[in-house]
Amino acid sequence: MADDILLDVRDLRVNFGPVRAVDGVSLAISRGPFGIALVGESGSGKTTVGRAVLRLVPAAGGTIAFDGQDVLGLRGPRLRAYRRAVQIVFQDADNSLDPRMRIGATIGEVLAAHGLAGHGLAGQGLAGKGTAGRGAVGDRVAALLAEAALDPALASRYPHQLSGGQRQRVAIARALAVGPRLLVLDEPTSALDVTAQARILALVGRLRDERQLAYLLITHNLAIIPGLCEQMVVLYLGRVAEAGPTGELLARPAHPYTLALRSAVPEVEAAARRSRIILPGDTPHAAVPPPGCPFHPRCPLAVEICRATVPQPRTVAPGRQVACHRGDEVLSGLRPPGAPAQLAGEP
Amino acid sequence: MKLEIRDLRVSFGGHPVASVPELAVDGGEIVGLAGESGSGKSMTILAVLGLAETAGAAVTGSVRLDGQELIGLPGARLRAIRGARIAAIFQSPSLAFNPVFRVGAIVSRALRQHGLSAGQARERAGAAMRSVLLSPDLLDRYPAQLSGGQLQRVAIALALALRAEVLLADEPTSALDVTVQAEVLELLRELRDSRGMAILFVSHDLAVIAELCDRVAVMRAGKVVEQGPTGQVIAAPRHDYTRELLAAVPRLGR
């Protein structure tokens, strides 16, 4: 069982000064092809989890293991090797591509930085010909662009000459350049039109099978998860609200927050629309977390215990954890009567 | 009709970027304008606001507010209408607020621009904040201290405080979390139903349009390719592009 796990995050904590941005998050990512979604609103800590996995922000506690190896203690060449194995695609390709570099140079730079510009690419899972030199890099860049469903001729263009969807595909091609086993996709489509989004998601699905990729898909939109992710983890204010297999969790949420997220998805067909649960206000700031359950001030089902006691994650069904005092009731069909009225910004 | 667009053409250096033969929005109605980036939706909005020319575009055709022609109206008369009778909200509310002023100062400056006294402005701003379910206390904060959803609601509150009859909403929820989007959509419905506002709502997402809009016009490459009651267009799209947009919408049940 444990052999199936590629990345194992346990009780991860990340602090920014006194702020507990990530407060005890655990999740396990199987070897690819495998997708897991990390879901939550702005301020939930989902991006910080992704960055901590890449060692872009330091963890204050917990463990991260990749292939059974401790990640948090990695240094030097082993950290570099880890960063070849785990790559990230950011939300905003406008800001993650250097505007002064042509697309080909942007991707070629990654190959050079990891010493992949010359020999030995076959072992990295790249379609290299084994020959060194500029021509070989050009070929590799062309192959990567083609793999991301882009015209290889785009290598000579600058980022501003591309559409948002094309730029995001360049970011994916660049991530693939080093032959990663795990991709962290941080809101890869939320800056895009639905049509460009659909193409990016289809690309992720194809790469998953062709490259046997595992990925952590960070998103606020539940609708893009089915079909791409076997598992999902719902975050609220740095903690796991609910986790489990995607199909079951979406069909029968056990946390009122998941219910609200599900009901917020706009649906084309009137029949698919669920009664909408409008959450009052925004996610509270992690600097001043409310006492008790962090979700209780916005929760339409909150009762006395929710205001006083922090709910601990527990198993409510096989493979399903929820941190809610009323998780069992919600799982059995308890629904909020209607949206509570409260002015956002009022104490 | 509250707002009537006829034979509107926007072009840059002879290249047409938006062409709308006919589009009307009545009071108490939300009309959607759907399409991808570059389809000409935002240019249509800017032309209605009389701002396309300032971006270097040539505009011909007719835009009428309660029968009054706006195209070609002198700047001063247009400024009296823009903001006060026709308000607009945009995709990125954080760009719409000057970061160095408190939110209340920005709101009250806009209200005084349209002839309200300082006292009236304060009173109207507070009441408008309450009607978008925000505490008036937020007026004392700086834009960076508010979330994207809160700022978008302040932008709507400003339109309410000015008693705008028409609201042009250009992708107002595309940068927001789905939960916050749901709140803003609910608010727009209420403006339509209880205040009889005429709302032109631009979006690339047909699911959002399906939930919100009474009628919809689909734009592609600067042209309206299909329009009609939203239910009909969604249930039986006549143009391939509309079908393509529909197919792209992610669905939970899939």
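Everything numeric here is computed off the predicted structure, so don't read it as measured data.

Rules used throughout
- Residues numbered from 1 in each chain as written.
- Chains lettered and ligands numbered in written order.
- Predicted model: local features only at pLDDT ≥ 70, side-chain atom pairs only at ≥ 80, totals over all residues.
- Helix = DSSP H or I, 4+ residues; strand = E, 2+ residues; numbered from the N terminus.
- Rg over C-alpha atoms; globule rule 2.2 N^0.38 Å.
- Buried ≥ 20, exposed ≤ 12 C-beta atoms within 10 Å, placed from the backbone.
- Contact = placed C-beta atoms within 7 Å.
- Pairing = 2+ DSSP bridges.
- Expected span 1.5 Å × (residues − 1).
- pLDDT = per-residue confidence, 0-100.
- Axes fitted to C-alpha atoms, helices over the stretch in contact; angles between N-to-C directions.
- Parallel < 35°, antiparallel > 145°, perpendicular 65-115°, else oblique.
- Left-handed = near helix turned anticlockwise from the far one by under 90°.
- Nonpolar A, V, L, I, M, F, W, Y, C, P; charged D, E, K, R; others polar.
- Arc of directions from axis to C-beta.
- Core = buried A, V, L, I, M, F, W, Y, C linked by C-beta atoms within 7 Å.

Details of the overall build of chain A
A tally of helices and strands in chain A yields eleven helices and twelve strands. For 347 residues, the compact-globule formula gives about 20 Å, and the C-alpha radius of gyration of chain A, at 21 Å, lands near that figure. Viewed in the frame of its principal axes, chain A has a C-alpha envelope of about 70 × 45 × 35 Å. Here chain A holds 347 residues, and 50% of them are scored as buried. Look at the contacts in chain A between residues 6 or more apart in sequence, and 65% of them connect residues 24 or more apart.

Some remarks on the overall build of chain B
A tally of helices and strands in chain B yields ten helices and ten strands. Taken against the 2.2 N^0.38 rule, which gives 18 Å for 254 residues, the C-alpha radius of gyration of chain B at 18 Å falls within 12% of a compact globule. For chain B, the C-alpha atoms occupy an extent of roughly 55 × 50 × 30 Å along the three principal directions. When each of the 254 residues of chain B is scored for burial, the buried share is 53%. Contacts spanning at least 24 positions in sequence make up 65% of the contacts within chain B whose residues lie at least 6 apart.

Quick word on the pairing of strand β7 (residues 166-170) of chain B
Residues and elements named next belong to chain B. For β7, a buried count of five out of five residues is recorded, marking the element as mostly surrounded by other parts of the structure. Burial of the side chains of β7 extends over both faces: Val166, Leu168 and Asp170 are buried on one face and Leu167 and Ala169 on the other. The pairing of strand β6 (residues 86-89) with β7 spans four bridges and is classified as parallel. Within β7, the residue paired with Ile89 across the bridge is Ala169. Relative to strand β8 (residues 198-203), β7 runs parallel, the two being bridged by five bridges.

Overview of helix α7 (residues 178-195) of chain B
The terminal C-alpha atoms of α7(B), which comprises 18 residues, lie 25 Å apart, in line with the 26 Å expected from a rise of 1.5 Å per residue. If you check which residues of α7(B) are buried, you get B:Val178, B:Thr179, B:Val180, B:Gln181, B:Ala182, B:Glu183, B:Val184, B:Leu185, B:Leu187, B:Leu188, B:Leu191 and B:Arg192. Next to the buried residues of α7(B) lie α9 (256-263) of chain A together with β3 (29-34), α6 (148-161), β7, β8 and α8 (206-212) of chain B. Of the residues flanking the end of α7(B), it is B:Gly196, one or two places downstream, whose phi is positive at about 65 degrees.

Comments concerning the confidence of the model for chain A
The predicted model of chain A has a mean per-residue pLDDT of 90, with 92% of residues at 70 or higher. Ignoring residues within four places in sequence, the model shows residues 119-133 of chain A, a span with pLDDT below 50, making 20 contacts including any to other chains.

Some thoughts on the packing of helix α6 (residues 164-176) of chain A against helix α7 (residues 194-210) of chain A
Residues and elements named next belong to chain A. Taken N-terminus to C-terminus, the directions of α6 and α7 make an angle of 20 degrees; their axes are 9 Å apart at the nearest point. Viewed along their axes, α6 and α7 adopt a mutual orientation that is roughly parallel. Our pair here, α6 against α7, has a crossing hand that is right-handed. On α7, the residues that touch Gly164, Gly165, Gln168, Arg169 and Ile172 of α6 are Ala196, Arg199, Ile200 and Leu203. Considering only residue class, the contact of α6 with α7 consists of four nonpolar, three polar and two charged.

Overview of the sheet that holds strand β3 (residues 34-39) of chain A
The strands that make up a sheet are held in pairs by hydrogen bonds between backbone atoms, and each pair lies either parallel or antiparallel. Residue and element names in this part refer to chain A. Read from one edge to the other, the open sheet built from eight strands follows the order β6-β7-β8-β3-β9-β10-β12-β11, with strand pairing classed as mixed. Whereas interior strands pair on both sides, the edge strands pair on one side only; in this sheet they are β6 (86-89) and β11 (314-317). Across the sheet, the axes of successive neighbouring strands diverge by a mean angle of 20 degrees, strand direction being ignored. Looking at chain direction, β3 and strand β8 (residues 214-219) are connected through six bridges and run parallel. The partner of Leu38 across the bridge, within β8, is Ile218. Sitting on the sheet, α6 is in contact with β6 and β7 (182-186), with an inclination near 170 degrees to β6.

What about the environment of A:His220?
You can see A:His220 is positioned in the loop between β8 and β9 (231-236). For A:His220, a count of 21 C-beta atoms within 10 Å corresponds to the buried category. Remark: the alpha-carbon pair of A:His220 and A:Ser190, spanning 30 residues in sequence, is separated by 8.6 Å. Beyond its immediate sequence surroundings of up to four residues, A:His220 is in contact with A:Val39, A:Gly40, A:Glu41, B:Asp177 and B:Val178.

Quick look at helix α10 (residues 240-248) of chain B
When α10(B) is considered as a whole, its buried residues turn out to be B:Tyr241, B:Thr242, B:Leu245 and B:Ala248. Projected onto a plane normal to the axis of α10(B), the buried residues spread over an arc of 125 degrees and lie on a single side. Along α10(B), exposed side chains directed more than 90 degrees from the buried face belong to B:Asp240 and B:Arg243. Along its buried surface, α10(B) packs onto α7 of chain A together with β3, α8, β9 (215-220), β10 (223-229) and α9 (230-235) of chain B.

Quick look at the nonpolar core
Residues and elements named next belong to chain B. In terms of nonpolar packing, the biggest core is built from 197 residues, with Leu167 and Ile199 touching the most fellow members. Here this core gets nine residues from one element, more than from any other, and that element is α6. When residues no more than four places from it in sequence are discounted, the contact partners of Leu167 are Ala87, Ile89, Ala159, Leu191, Met197 and Ile199.

What about the interface of chain A and chain B?
Contacts between the two partners involve 33 residues from chain A and, on the opposite side, 35 residues from chain B. Contributing elements (two or more residues each) for the side of chain A that touches chain B: α7 and α9 of chain A. Element by element, the count of residues in the side of chain A that touches chain B is highest for α7(A), at four residues. Across the side of chain A that touches chain B, the residue classes break down as 18 nonpolar, eight polar and seven charged.

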